[in-house]
Amino acid sequence: QVQLAESGGGLVQAGGSLRLSCAASGRIFSNLAMGWFRQAPGKEREFVSTTTWSGSSTIYSASVKDRFIISRDNAKNMVFLQMNSLKPEDTAVYYCAAANSGRATMDVRAYEYWGQGTQVTVSS
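Residues numbered from 1 in each chain as written. Predicted model: local features only at pLDDT ≥ 70, side-chain atom pairs only at ≥ 80, totals over all residues. Heavy atoms only, no water.

A.B. asks: Explanation requested: the sheet that holds strand β1 (residues 2-7) in the structure shown.
C.D. replies: The strands that make up a sheet pair up through hydrogen bonds in the backbone, lying either parallel or antiparallel. Ordered in space as β1-β3-β8-β7, the 4 strands form an open sheet in which the pairing is antiparallel. Because the sheet does not close on itself, it has two edges, and the strands there are β1 and β7 (68-73). Here the average twist between neighbouring strands, direction ignored, is 15°. Pairing between β7 and strand β8 (residues 78-83): 6 bridges, direction antiparallel. For serine 71, the partnering residue across the bridge sits in β8 and is phenylalanine 80. (Pairing = 2+ DSSP bridges. Helix = DSSP H or I, 4+ residues; strand = E, 2+ residues; numbered from the N terminus. Axes fitted to C-alpha atoms, helices over the stretch in contact; angles between N-to-C directions.)

Listed below in structure tokens is the structure:
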């Protein structure tokens, strides 16, 4: 089992930045692929970014590419999402997820473990 806990969400003005953190415990973190997803009210959960178990490969959705950066620290069992140039349409609950496969994937079904989410609100 893997437990995930997100932090770092909050209210920010458009153009601002936030850094989300996800702390993992339980299974060996370094074997897991880690991803970030988000869900806005009335919408389906959507892919944001993911990284392989080693951090050597990353994928971003088109809507956040060049604005968000995913990173991980396997020694601290942490994964991060640096969010820059935030827009009101980035407002959502952001979820951290882990995949046993270790492979980066945009498929939400590939992730076995999920955190409780952290709210990000971007005001215009």
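A.B. asks: Just to check I follow, could you spell out the state of the cysteines for this structure?
C.D. replies: In a disulfide, the sulfur atoms of two cysteines are covalently bonded to one another. Counting across every chain of the model gives 1 disulfide. Each sulfur in the disulfide pair cysteine 22 and cysteine 96 lies 2.1 Å from the other. Handedness here is read from the sign of the S-S torsion; for cysteine 22 and cysteine 96, about -80°, the answer is left-handed. In this pair, cysteine 22 sits in strand β3 (residues 18-26) while cysteine 96 sits in strand β9 (residues 92-99), placing the two residues 74 residues apart along the sequence. Grouping residues by exposure puts cysteine 22 and cysteine 96 together as buried. (Disulfide = S-S within 2.5 Å. Buried < 20%, exposed > 50% of the residue type's maximum accessible area, 1.4 Å probe, protein only.)

That's the geometry; what it means functionally is another story.
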